[in-house]
Amino acid sequence: MPVTYVIRFDILPGQRDRFIALLNGVLDAMRHEPMFHNAVLHADPENENHMMLYETWEDHQDVLDVQLQRPYRQAWHAALADLLAGPRDISIWHPIRSDRSAQSRS
């Protein structure tokens, strides 16, 4: 059953660029994983250092046993203590419906 992780970050002032650079490397690698569905990174319009990431995977156990151990995640995980003002807020959701615009986009 697919599972979606909603992860909120409170980035330390002056660390936003490094945070995004490291996360971009992880997201770029994730898109090639066979169990990966999608991910979207959001920025709070009132505070650029508050971000939310949601990512959907095919299987929660695969995320725990395989995906979190991928080598491309090591630098990201190692840097989090220096990038964030506090622990990540992580919640787990099961999608029941997904909709996209019927309009084609260029």
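In what follows, the structure referred to is the one given above.
Residues numbered from 1 in each chain as written. Predicted model: local features only at pLDDT ≥ 70, side-chain atom pairs only at ≥ 80, totals over all residues. Heavy atoms only, no water.

**Student:** I'd like a rundown of the overall build of the chain, residues and numbers included.
**Tutor:** Scanning the chain from N- to C-terminus turns up 3 helices and 4 strands. Helices and strands in the chain line up, N terminus first, as β-α-β-β-α-α-β. Along the first, second and third principal axes, the C-alpha set of the chain runs to 40 × 35 × 25 Å. Across the chain, the fraction of contacts at a sequence separation of at least 24, relative to all contacts at a separation of at least 6, is 74%. For the chain, the accessible surface area stands at approximately 7,100 Å², while carbon and sulfur atoms represent 51% of it. Once the 10 positive and 15 negative side-chain charges of the chain are each reduced to a mean point, those two points are 4 Å apart. (Helix = DSSP H or I, 4+ residues; strand = E, 2+ residues; numbered from the N terminus. Contact = heavy atoms within 4.5 Å. Areas by Shrake-Rupley, 256 points an atom, 1.4 Å probe, with all protein chains shown as cover. Lys, Arg positive; Asp, Glu negative; His and termini not counted. Charge placed at Lys NZ, Arg CZ, Asp CG, Glu CD.)

**Student:** Please provide a residue-by-residue account of the sheet that holds strand S1 (residues 3-10), values included.
**Tutor:** The sheet built from 4 strands is open, its strands ordered S2-S3-S1-S4 with antiparallel pairing. Looking along the sheet, the strands with just one partner apiece sit at the ends: strand S2 (36-44) and strand S4 (89-93). With strand direction ignored, the average angle separating the axes of adjacent strands in the sheet is 15°. Pairing of S1 with strand S3 (residues 47-57) involves 8 bridges; the strand directions are antiparallel. Bridge pairing in S3 places Ile7 opposite Leu53. With respect to the sheet, helix H1 (residues 16-30) is in contact with S1, S2 and S3, its orientation differing from that of S3 by roughly 10°. (Pairing = 2+ DSSP bridges. Axes fitted to C-alpha atoms, helices over the stretch in contact; angles between N-to-C directions.)

**Student:** Lay out the environment of His32 with the relevant residues and their values.
**Tutor:** Relative to the assigned elements, His32 resides in the loop between H1 and S2. When its relative accessible area of 64% is taken as the criterion, His32 is described as exposed. Distance in space between the C-alpha atoms of His32 and Arg70 is 12 Å, their sequence separation being 38 residues. (Buried < 20%, exposed > 50% of the residue type's maximum accessible area, 1.4 Å probe, protein only.)

**Student:** Break down the packing of aromatic side chains for me, with residues and values.
**Tutor:** Inspection of every chain in the model, using the stated rule, returns 4 aromatic pairs. Taken together, a centroid distance of 5.1 Å and an interplanar angle of 70° make the contact between Phe36 and Trp57 edge-to-face. Of this pair, Phe36 sits in strand S2 while Trp57 sits in strand S3, and the two are 21 residues apart along the sequence. A single burial state applies to Phe36 and to Trp57, both of which are buried. Taken together through their ring pairs, the aromatic side chains of Phe9, Phe19 and Trp76 make up a single cluster. (Phe/Tyr/Trp six-rings, centres within 6.5 Å; stacked < 30°, edge-to-face > 60°.)

**Student:** Explain helix H3 (residues 74-83) residue by residue, including any values.
**Tutor:** For H3, the complete set of buried residues consists of Trp76, Ala79, Leu80 and Leu83. The arc enclosing the buried residues of H3, seen along the axis, measures out at 135°, which places them on a common side. Seen from the open side of H3, the exposed residues pointing more than 90 degrees away from its buried face are Gln74, Ala78 and Ala81. On its buried face, H3 sits against S1 and H1. (Arc of directions from axis to C-beta.)

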